[in-house]
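The primary structure of each chain is shown beneath.
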Amino acid sequence: MRAQTKDADLLIAGGGMVGLTLALALARGGMRVVLAEPMSELAMTDARFDGRVSALAFAAVRMLGQLGVWQGLEAKAQPINDILVSDAGLGRNPSPFSLHFDHREIGEPLGAIVENRDIRMALFEAARAEPNISLLTGTAVERLVVERACAIATLSSGVEVVATLVIAADGRDSPLREAQNIGTVGWDYGQTGIVTTVAHERAHEGVAYEHFLPSGPFAILPMTGNRSSLVWTERNEDAARMMQLDDAGFAEEIALRFGAHLGNTAPEGPRWAYPLRLQLARAYVAARFAIVGDAAHTIHPIAGQGFNLGLKDVAALAETVLDAARLGLDFGEEEVLKRYERWRRFDSFVLAAATDGVNRLFSNDIGPLRLARDLGLGIVDRLPPLRRFFMRHAGGDVGRLPRLLKGEAA
Ligand SMILES: Cc1cc2nc3c(=O)[nH]c(=O)nc-3n(C[C@H](O)[C@H](O)[C@H](O)COP(=O)(O)OP(=O)(O)OC[C@H]3O[C@@H](n4cnc5c(N)ncnc54)[C@H](O)[C@@H]3O)c2cc1C
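For clarity, every value in this text was computed on a predicted model and none was experimentally measured.

> Is there a simple way to think about the packing of helix α1 (residues 17-28) against helix α9 (residues 306-326) in this case?
Packed helix pairs are characterised by how far apart their axes lie and by the angle those axes make with each other. One can describe the packing of α1 onto α9 by two numbers: an axis separation of 9 Å at closest approach and a directional angle of 25 degrees. On the basis of their axis angle, the class for α1 and α9 is roughly parallel. For the element pair α1 and α9, the recorded crossing hand is right-handed. Here Met17, Val18, Thr21, Leu22, Ala25 and Leu26 of α1 come into contact with α9, specifically with Phe307, Gly310, Leu311, Val314, Leu317, Ala318, Val321 and Leu322. By residue class, the composition of the contact of α1 with α9 is twelve nonpolar, two polar and no charged.

Have a look at this one:
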């Protein structure tokens, strides 16, 4: 019996936050998109699925606004007004050299914190309402054959999708990237990111804190209400121990690191643990094939930039594909796709290297290194132009921005 076939301009493998945003960006540009995701929407939007928040740069907020997604998220977002960075030690007073990023210096919030669950729900809703997207949840992409004029993908449902271009947004372990023999470079950090929500007595006033502890960064990210999200990096063995503590023991360990500035604290809801690694794909494109998001680069969460990088991929790839299509070119050709690779690969590499360097510099308790980094923090804090440079970078407003990140249609 012949397999059922479906024609599309593009097939996207992966309905994570990056894959869903890409589907929207391309569909709004008039492309017919099939998106296949093995999990169900119900499972992916369940409160136990992903307890993380995303610190969204203001360029990312503009892009989600252009795609009509931000409008439903704004009321659930917490603006980041200030970021305070300090070098600390367990049971030791923070170093007197800290770094303060104040939104008043650039005239707008430094970004916004949104719960991943809310982002996923908003993206699924928008994708379901978009007539150019055929959303196939509970369906994996299992096989891919690239021919001269098209790519043919076999889905777990048995359906064959014939598309001009296939895009893998299938995450860090990307089965499609592997199947296309695109290698990666990277290493395990030997660290785990513990994530949980903490309720506190006093208002955080939109201030995010990054305490550099010897075992790794401890980030306190303001959420709506008197709540903050913790991204607490520990060495793997210690993280496993923390995850097994009873509720009282876990709350005690958090209080020890959190400090008393927001009054009493109490963890709320489940805890999650994410093993951390650095991983960069050796190529982002091949004939009729491209990768985006964590499939292309997985970085340390120290600066909260992984999803932001994925959104930059989305904006650059959508612009490359749509510009080529408008000129009547074959947008699945490797030469066309190379433009996307040149645009995005170096930027991801630079951020991966920077976050890796900062993590190495701070995740230790070596005296001379402590002195050097404290002096570094003190110097940046005393130089307003340098501070503004870092804030613009964190906001994603640097380099050649694709149209979507400027808030324009792709
Ligand atoms: C602790 C922590 C904190 C973070 N904080 C931030 C932050 O504050 N700000 C920020 O910008 N980033 C942050 N990040 C990074 C961010 O969460 C990731 O970069 C982002 O979630 C990656 O999304 P993705 O869609 O590329 O991949 P994923 O979310 O991994 O999605 C991949 C999808 O592909 C699907 N899939 C797998 N195989 C197949 C197949 N064969 N066919 C079809 N689909 C398939 C999977 O089911 C999955 O749904 C953080 C990361 C961690 C670990």
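> Just checking my understanding: could you explain the sheet that holds strand β7 (residues 111-115) for this structure?
Sheet strands line up and pair through hydrogen bonds in the backbone, either parallel or antiparallel. With antiparallel pairing, three strands are arranged side by side in an open sheet as β3-β7-β4. A single partner strand is all that each edge strand has here, and the edge strands are β3 (53-56) and β4 (78-80). On average, adjacent strands in this sheet sit at an angle of 25 degrees to one another, irrespective of strand direction. Examined bridge by bridge, β4 and β7 share three bridges and lie antiparallel to one another. The residue bridging Pro79 from the neighbouring strand is Ala112, located in β7.

> I tried to follow the pattern of salt bridges on my own but got confused; where do I start?
Following the criterion strictly, the structure yields 22 salt bridges and no others. The salt bridge partner of Arg227 is Glu115, with a shortest N-O separation of 3.1 Å. In this pair, Arg227 sits in strand β15 (residues 227-235) while Glu115 sits in strand β7, placing the two residues 112 residues apart along the sequence. One salt bridge connects Asp188 with Arg277, and the closest N-O pair in it is separated by 3.0 Å. Of this pair, Asp188 sits in strand β12 (residues 184-200) while Arg277 is found in strand β16 (residues 265-281), placing the two residues 89 residues apart along the sequence. Here Asp188 falls in the exposed class, since its relative accessible area comes to 56%. In the salt-bridge network here, residues are joined through shared partners; they are Glu319, Asp323, Arg326, Arg339 and Arg403.

> Help me out: how do you make sense of the packing of aromatic side chains in this one?
Given two aromatic rings, their pairing is described by the distance between the two centres and the angle made by the two planes. Per the counting criterion, the structure on display carries three aromatic pairs. Here the aromatic rings of Tyr284 and Tyr340 are separated by 6.2 Å at their centres, their planes lie at 40 degrees, and the arrangement is tilted. Of this pair, Tyr284 sits in the loop between β16 and β17 (285-286) while Tyr340 is found in helix α10 (residues 334-362), placing the two residues 56 residues apart along the sequence. An identical accessibility class is assigned to Tyr284 and Tyr340; each is buried. The residue whose ring lies beneath Arg271 is Phe250, and the NZ or CZ to ring-centre distance is 3.9 Å.

> Whenever I open this one, the pairing of strand β2 (residues 33-37) confuses me. Can you help?
Consecutive residues of a regular strand have side chains that alternate between opposite faces of the sheet. The buried count for β2 comes to five of five residues, which makes it a mostly enclosed element. Neither face of β2 is left uncovered, since the one carrying Val33, Leu35 and Glu37 and the one carrying Val34 and Ala36 both have all their residues buried. What joins strand β1 (residues 5-13) to β2 is α1, and the crossover it makes is right-handed. Bridging between β2 and strand β8 (residues 133-137) involves five bridges; their strand directions are parallel. Across the sheet, Glu37 pairs through a bridge with Thr137, a residue of β8.

> Explanation requested: the pairing of strand β5 (residues 82-87) in the structure shown.
By the bridge criterion, four bridges tie β5 to strand β6 (residues 99-102) in an arrangement that is antiparallel. Within the sheet, the bridge partner assigned to Leu84 lies in β6 and is His100. Here β5 runs beside strand β13 (residues 207-213); their pairing, made up of six bridges, is parallel. In the sheet register, Asp82 faces β13, and the bridge partner there is Val207.

> Would you mind going over the site of the ligand with me for this structure?
The local shell around the ligand holds 30 residues, among which Glu37, Ala55, Asp294, Gly304 and Phe307 are the closest. Here a nitrogen atom of the ligand and a backbone polar atom of Gly14 are 3.2 Å apart. Glu37 places a side-chain nitrogen or oxygen 2.7 Å from an oxygen atom of the ligand. A total of 1,000 Å² of accessible area belongs to the ligand in isolation, and the protein chains cover 87% of it. Of all elements in the fold, only α1, β2, β3 and α9 reach the threshold of two or more residues within the shell around the ligand.

About the thresholds
Residues numbered from 1 in each chain as written. Predicted model: local features only at pLDDT ≥ 70, side-chain atom pairs only at ≥ 80, totals over all residues. Heavy atoms only, no water. Axes fitted to C-alpha atoms, helices over the stretch in contact; angles between N-to-C directions. Helix = DSSP H or I, 4+ residues; strand = E, 2+ residues; numbered from the N terminus. Parallel < 35°, antiparallel > 145°, perpendicular 65-115°, else oblique. Left-handed = near helix turned anticlockwise from the far one by under 90°. Contact = heavy atoms within 4.5 Å. Nonpolar A, V, L, I, M, F, W, Y, C, P; charged D, E, K, R; others polar. Pairing = 2+ DSSP bridges. Salt bridge = Lys/Arg side-chain N within 4 Å of Asp/Glu carboxyl O. Buried < 20%, exposed > 50% of the residue type's maximum accessible area, 1.4 Å probe, protein only. Phe/Tyr/Trp six-rings, centres within 6.5 Å; stacked < 30°, edge-to-face > 60°. Lys NZ or Arg CZ within 6 Å of the ring centre and 35° of its normal. Right-handed = clockwise from strand over helix to strand, strands pointing away. Near = heavy atom within 4 Å. Polar contact = N/O pair within 3.5 Å; in protein donor to acceptor, adjacent residues only side chain to side chain. Areas by Shrake-Rupley, 256 points an atom, 1.4 Å probe, with all protein chains shown as cover.

Honestly, that's just the spatial picture; any functional story needs more than this.
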